[in-house]
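# Descriptive analysis of the structure
Below, each chain spelled out in residue letters.
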Amino acid sequence: HTAEDQVVPAVGSLRIVKALIDIKIPSRFSLYPYGRHGSALANAVTARDEDEILPMADRWVDEAIDFFKTLADY
């Protein structure tokens, strides 16, 4: 999620993550400071313009994959 998202406020995602933590379900959440809603992969592959290339956020897919791998033992 990004703090700048004007379509889906990040607070909703924060509430979901808190609910998951409260019931002890493993979760991972990243809140990037920049980027509008719908930035997809946040890199040149999916960017509609240069505003959607977000070097900080373009690692989110790899981070998600790494997280899912940790769930094998859950």
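Note that the structure is predicted; figures quoted are calculated from it, not measured. (Residues numbered from 1 in each chain as written. Predicted model: local features only at pLDDT ≥ 70, side-chain atom pairs only at ≥ 80, totals over all residues. Heavy atoms only, no water.)

Attention now moves to the side chain of T2. Turning to its location among the elements, T2 is positioned in the segment before helix 1 (10–22). The exposure class assigned to T2 is buried, which follows from its relative accessible area of 9%. (Helix = DSSP H or I, 4+ residues; strand = E, 2+ residues; numbered from the N terminus. Buried < 20%, exposed > 50% of the residue type's maximum accessible area, 1.4 Å probe, protein only.)

Glancing now at the pattern of salt bridges. Overall, the coordinates contain two salt bridges when judged by the stated rule. With its nearest N and O atoms 2.7 Å apart, the salt bridge here joins K18 to D22. Separated by four residues within a single helix, K18 and D22 lie in helix 1, roughly one turn from each other. Between E63 and R28 there is a salt bridge; the shortest N-O distance is 3.4 Å. Within this pair, whereas E63 is found in helix 2 (residues 60–70), its partner R28 is found in the loop between helix 1 and helix 2, the two being separated by 35 residues in sequence. Residue classification places R28 among the partly exposed positions, given a relative accessible area of 41%. (Salt bridge = Lys/Arg side-chain N within 4 Å of Asp/Glu carboxyl O.)

This part takes up the packing of aromatic side chains. Applying the stated criterion across every chain, the model contains one aromatic pair. Measuring from ring centre to ring centre gives 5.8 Å for F67 and F68, while their planes differ by 55°; the resulting arrangement is tilted. (Phe/Tyr/Trp six-rings, centres within 6.5 Å; stacked < 30°, edge-to-face > 60°.)

So far we have only geometry, and geometry alone does not tell us how the molecule works.
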